[in-house]
Structures are given as C-alpha cells and as structure tokens.
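Residue strings, one per chain:
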Amino acid sequence: MQNIQFKPGVLDEVFHKLRFKVEAMRDKERICCLTLDEMSLTPKMEYDAGSDSLWKRYTPKPHTCLYVRWNYDTMEKQTVGYHFTSNSTDGTIFKEIILDIKQKASEIGLHVETVSSDMGSANRAMWRAFSIICAPLCEII
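Residues numbered from 1 in each chain as written. Predicted model: local features only at pLDDT ≥ 70, side-chain atom pairs only at ≥ 80, totals over all residues. Heavy atoms only, no water.

Visitor: Sorry if this is basic, but what is going on with a nonpolar patch on the surface here?
Guide: On the surface, M45, Y47 and L54 cluster together into a nonpolar patch covering about 370 Å² of accessible area. Within the secondary structure, M45 is located in strand β2 (residues 31–48). (Patch = residues over 30% accessible without salt bridge, like charges linked within 9 Å, V, L, I, M, F, W, Y side chains within 5 Å. Areas by Shrake-Rupley, 256 points an atom, 1.4 Å probe, with all protein chains shown as cover. Salt bridge = Lys/Arg side-chain N within 4 Å of Asp/Glu carboxyl O. Helix = DSSP H or I, 4+ residues; strand = E, 2+ residues; numbered from the N terminus.)

This is how it looks when you write it as structure tokens:
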C-alpha cells in the first residue's frame with residue numbers, strides 16, 4: 001500500500017489492491033462495516049526531498065471525513081477514502097459516496113453489512129437522505 005496515491009476521494013487503488021487480499025478470504029471475513037469519522041486537521045507546509053517539491057501536509061488537530069472499512073472477523077481496518085470538508089458541509093452528499101464505496105466493495109467480493117457514524121449534523125443529513133431519521137430519545141439498532 002505504500003506506493004498508492006492518497007488523494008481526496010474514494011481510493012480506487014486501495015480497492016484494486018484489496019481485491020487480491022479478498023480473494024484469499026473466507027466468506028465470514030468478507031463481511032465488513034463502513035465507518036464514517038470526522039477529524040480536525042491543521043495545515044502545514046513541508047519540503048519533500050524525493051520529489052524536490054513543497055507539500056501541504058495536514059496534522060491532526062480544515063475538517064476531513066474519513067471512510068474506513070472494518071472487518072468484523074479480524075478487526076482489521078483499511079481507509080478506503082476521504083474528503084476535505086468544512087463545518088457547514090451538506091451531509092446529503094455523503095449518500096452517493098457511501099453508495100459508491102459499497103458498490104466498489106461488492107465488486108471485489110466484500111459485503112458491507114453496516115454503515116456507522118456519529119450523529120453530527122452532516123451525518124444526520126446523510127441519514128435523512130437515506131430516509132433514516134432519529135429523533136431525540138429514539139433508539140437505532
């Protein structure tokens with residue numbers, strides 16, 4: 001995975017590499033969860049001697065939405081995409097991204113059984129786009 005270009009979006013190269021790993025998995029190992037998580041980042045400029053160029057790097061502390069595939073059987077995690085977002089991102093855009101990731105996972109033989117997120121405002125908008133609504137004191141299972 002070290003030679004993969006990690007640019008914002010769904011990481012097609014990761015799915016391409018995962019295909020080979022999935023081929024060797026048992027059926028039980030192919031069941032996974034897709035987790036959405038946000039984190040705050042601080043931009044910082046760094047010089048990369050290998051490419052003789054300046055890079056804008058981000059260190060944990062703008063916002064990003066990270067998509068992680070999580071294998072129930074082995075507890076293995078794999079980042080499958082990310083997007084830079086703002087505090088006011090319309091979460092309904094995440095619906096198409098989730099559907100795209102689920103399709104790519106299916107194409108390589110993975111079964112996304114669940115999608116999980118916290119209940120931040122952007123994620124609640126995404127769930128509403130899927131017609132899943134949670135009111136105060138309701139229970140989602």
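Visitor: Can you walk me through the packing of helix α2 (residues 93–107) against helix α3 (residues 121–129) in this structure?
Guide: Helix packing geometry: the angle between the two helix axes and the distance between the axes. Put simply, α2 and α3 touch, their axes get as near as 7 Å, and they point 70 degrees apart. It follows from the interaxial angle that α2 and α3 lie roughly perpendicular. Note on packing geometry: the crossing formed by α2 with α3 is right-handed. Taking contact as the criterion, the partners of F94, K95 and I98 in α2 are, on α3, A122, N123, M126 and A129. For the contact of α2 with α3, the per-class residue count stands at 5 nonpolar, 1 polar and 1 charged. (Axes fitted to C-alpha atoms, helices over the stretch in contact; angles between N-to-C directions. Parallel < 35°, antiparallel > 145°, perpendicular 65-115°, else oblique. Left-handed = near helix turned anticlockwise from the far one by under 90°. Contact = heavy atoms within 4.5 Å. Nonpolar A, V, L, I, M, F, W, Y, C, P; charged D, E, K, R; others polar.)

Visitor: For this particular structure, what's the right way to read the nonpolar core?
Guide: Soluble globular proteins tend to pack their nonpolar side chains together in the buried interior. One finds F15, L34, Y67, V80, F94, I101 and L110 to be the most contacted residues of the largest nonpolar core, which totals 25 residues. If you list the elements that add at least two residues to this core, you get α1 (12–23), β2, β5 (77–85), α2 and α3. (Core = buried A, V, L, I, M, F, W, Y, C linked by side-chain atoms within 4.5 Å. Buried < 20%, exposed > 50% of the residue type's maximum accessible area, 1.4 Å probe, protein only.)

Visitor: How should the environment of V22 be read in this particular structure?
Guide: Following the sequence through the fold, V22 ends up in helix α1. Beyond its immediate stretch of four places on either side in the chain, V22 contacts R30, I108, G109 and L110.

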